[in-house]
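Here is what each chain is made of, one letter per residue.
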Amino acid sequence: MTAPISERLEDVAQARESGRRKMDWAAQHMPICDSLREEFEADQPFEGERIGMAMHVEAKTAILAEILAAGGAEVAITGCNPLSTHDDVSAALDAVEGVTSYAERGVDDEAYYAAIEAVIGHEPTITVDDGMDLVAAIHEEYPELIDSIVGGAEETTTGVHRLRAMDEDGQLDYPVFAVNDTPMKRLFDNVHGTGESSLASIAMTTNLSWAGKTVVVAGYGHCGKGVAKKASGQNADVVVTEVEPRRALEAHMEGYDVLPMADAAKEGDVFITTTGNRDVIVEEHFEAMQDGVLLANAGHFDVEVDLDALSDLAVDRYEARDGVEAYEMADGRRLNVLAEGRLVNLATPIALGHPVEVMDQSFGVQAVCVREMVENGEAYGPGVHDVPDRLDKEVAEIKLEAEGVEFDALTETQAEYMDSWQHGT
Ligand code: NAI
C-alpha cells in the first residue's frame, strides 16, 4: 500500500519548508484562488466531501488543493505524470490540514498506479483529473464507488477527448465538467501557458537560443498556436505540420510555412509536438533529420515521438545534459530527446510548468466547477458537461478586478438590440 510522501522522504522538514516557500510565492500571484479561498473558508461548501485529485503536483496545483481543503474537503492527491511532481511541494501539501499527498517524482509505472489507487482508497465523492486517470481507474477497477460520486472536473484536452469517447460508448457513469474546453482555460492556459513554458523549459534545459533556429511545431491547435507564436516572437523560423485542413490554412495565413512532417523533418532544428496524437514523429522522420536536432513533446502523453523506433535506430544513447538524452545514429548524427518525450514544460529537471497567473485562471475554473458539482450536482446527468458560462465569466471578472481592468457593460438598448431579430437595416 502506497504511503503518503511525508513517510517516504529522508528530510521531510526541509522538503516541507522548501515546498511551502514555492507555494507561498505562487499564492501571491493567484488572486482568483485567493478570492475563492476567502469565500470557501467562510462558507465551507465542501464540508463532508472527499476530493480525489490526479494532477501535476507542483506549487500552483498545491494552492488549488489547499483552497479546496480550506473549504472543508478532505483532499487526497497524486501526480498525473511520473516526471512532473515536485517532491518538496508534495511534502508541503501533505502537511496541510485535510490534505494527503501521495505524489512522488520519478516513480515507475507500478508505483504511479499504486498512488492512484491510494487516492481512490479515500473513496472520493468528487474527482479532479488532468488526463482522466482517476475516472478511468474508478470505472475499471472500483465501479462500486460510482454511486457515491457527485461528479468530476477534467483539466486537459487529452482527458476531455478520452472522456468524450467514453461518454459516446455509454461508459461514463457520472458527470464531469470539461474544464479544458471553457474559454477562461483553453484560450489562456493552452495557448499562452504551453507556449511560454515549453519554450522556457527547452531554452533553460539546453542553454540554446531560439534566434535563427527552424522550429517545427506539430499540430496547430490551441497549444501549437501558442508555441508557434512565441517561437516566432523569439526570432525563430516556424514550420507547422497539421492533419486538419482549416488549421493548416490558419497557420499558412498566419505566415508560417506549412509542410508534411516528412519534409519538415529535413529542415527543423527543434521539433515540438502538440497534437495529443501518437506517432507524429517516427522512423522515416528520424532518418531525415540533421545532426543535433532537439525533440520535445508538449502533448499530454509520451507517445507523440516514437522513442521505441528511435532506440532501435540508435547505436548509442547517453545523457547529453540533465534532461537531454542523445540518441546517436550509425552515421554519427545525434538526435536529442528532452524529458524522455514527456511534457517538456513539466518534466525536464528544471521545468516549472505554466506561469502562475495562467494556472490561477485554470484552477479558478476548477474550483468553481467543484463548487457547482457540490451545490447543483443533481442538475447534471452522467456524461461530459460544458462549464456553465456564468462560472467562466465569474472567474474572468475576479481576474479583471484584481488586475484593475475596467470594462464596459451593455446598455439596456444594446442588450435588447443584440437579442432581437427584428432590427435590420
Ligand atoms: P487541439 O485539439 O486544439 O489541437 C491539436 C491539433 O493537433 C489539432 O489541430 C489536430 O488537427 C492536430 N493533429 C492531430 N494529429 C496530428 C498529426 N498527426 N500531425 C499534425 N497535427 C496533428 O488540442 P490542444 O488543446 O492544443 O492540446 C494538444 C495536446 O496538448 C493535448 O494532449 C493536451 O492535453 C495537451 N496540453 C498540454 C499542456 C501542457 O502543459 N504541455 C497544456 C494543455 C494541453
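Scoring rules and cut-offs
- Residues numbered from 1 in each chain as written.
- Predicted model: local features only at pLDDT ≥ 70, side-chain atom pairs only at ≥ 80, totals over all residues.
- Heavy atoms only, no water.
- UniProt positions renumbered as here; feature names shortened; annotations may be inferred.
- Phe/Tyr/Trp six-rings, centres within 6.5 Å; stacked < 30°, edge-to-face > 60°.
- Buried < 20%, exposed > 50% of the residue type's maximum accessible area, 1.4 Å probe, protein only.
- Helix = DSSP H or I, 4+ residues; strand = E, 2+ residues; numbered from the N terminus.
- Domains from an automatic or database assignment.
- Contact = heavy atoms within 4.5 Å.
- Buried area = accessible area lost by both parts, 1.4 Å probe.
- Salt bridge = Lys/Arg side-chain N within 4 Å of Asp/Glu carboxyl O.
- Polar contact = N/O pair within 3.5 Å; in protein donor to acceptor, adjacent residues only side chain to side chain.
- Nonpolar A, V, L, I, M, F, W, Y, C, P; charged D, E, K, R; others polar.
- Near = heavy atom within 4 Å.
- Areas by Shrake-Rupley, 256 points an atom, 1.4 Å probe, with all protein chains shown as cover.
- Pairing = 2+ DSSP bridges.
- Right-handed = clockwise from strand over helix to strand, strands pointing away.
- Axes fitted to C-alpha atoms, helices over the stretch in contact; angles between N-to-C directions.
- Parallel < 35°, antiparallel > 145°, perpendicular 65-115°, else oblique.
- Left-handed = near helix turned anticlockwise from the far one by under 90°.

- As annotated in an unreviewed UniProt entry, the chain carries the name Adenosylhomocysteinase and comes from Haloarcula saliterrae.
- The heading Subcellular location (unreviewed entry) in the UniProt record of the chain holds the text "Cytoplasm".
- The record in UniProt for the chain states the following under Function (unreviewed entry): "May play a key role in the regulation of the intracellular concentration of adenosylhomocysteine."

**Focus on the packing of aromatic side chains**
Part 1 of the argument: Evaluated as defined, the whole model comprises four aromatic pairs.
Part 2 of the argument: Taken together, a centroid distance of 4.9 Å and an interplanar angle of 70° make the contact between Phe 40 and Phe 46 edge-to-face. Of the two residues, Phe 40 and Phe 46, neither departs from the other in class, the shared state being buried.
Part 3 of the argument: Their ring planes at 75° and their centres at 5.0 Å tell us that Phe 177 and Tyr 380 sit as a pair that is edge-to-face. One end of the pair, Phe 177, is in strand 6 (residues 175–178); the other, Tyr 380, is in the loop between helix 15 (356–376) and strand 15 (383–385), with 203 residues separating them in the sequence.
Part 4 of the argument: Note on Phe 177: relative accessible area 0%, which makes it buried.
Part 5 of the argument: Using a relative accessible area of 15% as the deciding quantity, one classes Tyr 380 as buried.

**Digging into the domain arrangement of the chain**
Part 1 of the argument: As far as domains go, the chain holds domain 1 (5–185 + 355–403) and domain 2 (192–347).
Part 2 of the argument: For domain 1 and domain 2, the distance between their C-alpha centres works out to 29 Å.
Part 3 of the argument: Listed by partner, the interface residues are 14 residues for domain 1 and 12 residues for domain 2.
Part 4 of the argument: For the pair domain 1 and domain 2, the two sides together bury roughly 1100 Å², of which 63% comes from carbon and sulfur.
Part 5 of the argument: Contact with domain 2 buries area across many residues of domain 1, yet Leu 83, Thr 158 and Pro 355 alone supply 41% of it, more than any other trio.
Part 6 of the argument: Linking domain 1 with domain 2 are zero salt bridges.
Part 7 of the argument: Between domain 1 and domain 2 we count one residue pair in polar contact (both at pLDDT 80 or more) in total.
Part 8 of the argument: In terms of residue class, the side of domain 1 that touches domain 2 is built from five nonpolar, six polar and three charged.

**Notes on the site of the ligand**
Part 1 of the argument: What surrounds the ligand is a group of 30 residues, the closest being Thr 156, Thr 157, Thr 158, Glu 242 and Arg 247.
Part 2 of the argument: At a separation of 2.6 Å, an oxygen atom of the ligand approaches a polar side-chain atom of Thr 156.
Part 3 of the argument: Interatomic distance of 2.7 Å between a side-chain N/O atom of Thr 157 and an oxygen atom of the ligand.
Part 4 of the argument: Taking 860 Å² as the accessible area of the ligand by itself, protein coverage stands at 89%.
Part 5 of the argument: Secondary-structure elements contributing two or more residues to the shell around the ligand are helix 7 (157–168), helix 8 (183–206), helix 9 (222–233) and helix 14 (344–347).
Part 6 of the argument: For the shell around the ligand, the per-class residue count stands at seven nonpolar, 17 polar and six charged.
Part 7 of the argument: There are two domains that each give the shell around the ligand at least three residues, and those are domain 1 (5–185 + 355–403) and domain 2 (192–347).

**Regarding the pairing of strand 1 (residues 50–54)**
Part 1 of the argument: With respect to burial, strand 1 is a largely interior element, four of its five residues being buried.
Part 2 of the argument: Across five bridges, the pairing between strand 1 and strand 2 (residues 74–78) is parallel. Paired with Gly 52 across the two strands is Ala 76, which belongs to strand 2.
Part 3 of the argument: For the segment spanning strand 1, helix 3 (residues 59–70) and strand 2, crossover handedness is right-handed.
Part 4 of the argument: Bridging between strand 1 and strand 4 (residues 126–129) involves four bridges; their strand directions are parallel. Counterpart to Ala 54 in the pairing with strand 4 is Asp 129.

**So, the packing of helix 15 against helix 16 (residues 389–403)**
Part 1 of the argument: It is at 10 Å that the axes of helix 15 and helix 16 come closest, and there the two elements cross at 140°. As the angle between them shows, helix 15 and helix 16 are arranged oblique. Relative to helix 16, helix 15 is oriented so that their crossing is right-handed. The residues of helix 16 that touch helix 15, namely those facing Glu 357, Gln 361, Gly 364, Val 365, Val 368, Arg 371, Glu 372 and Asn 376, are Arg 390, Leu 391, Asp 392, Glu 394, Val 395 and Lys 399.
Part 2 of the argument: Grouping the amino acids of the contact of helix 15 with helix 16 by side-chain chemistry returns four nonpolar, three polar and seven charged.

**A short note on unusual backbone geometry**
Part 1 of the argument: Its identity is not glycine, yet Asp 279 carries a phi of approximately 55°, on the positive side.
Part 2 of the argument: Structurally, the position occupied by Asp 279 is in the loop between strand 10 (270–273) and helix 12 (283–288).
Part 3 of the argument: For Asp 279, a relative accessible area of 36% corresponds to the partly exposed category.
Part 4 of the argument: Backbone geometry places Ala 339, a non-glycine residue, at a positive phi of 50°.
Part 5 of the argument: Mapped onto the secondary structure, Ala 339 falls in the loop between strand 14 (334–338) and helix 14.

**Looking at the UniProt feature "binding site: substrate" (unreviewed entry) in the chain**
Part 1 of the argument: Under the feature "binding site: substrate" (unreviewed entry), the UniProt entry names Asp 130, Glu 155, Lys 185 and Asp 189. Taken along the chain, the residues just named run across 60 residues; in space they keep tight, none of their C-alpha pairs more than 13.1 Å apart.
Part 2 of the argument: Among the structural elements, Lys 185 can be located in helix 8.
Part 3 of the argument: Following the sequence through the fold, Asp 189 ends up in helix 8.

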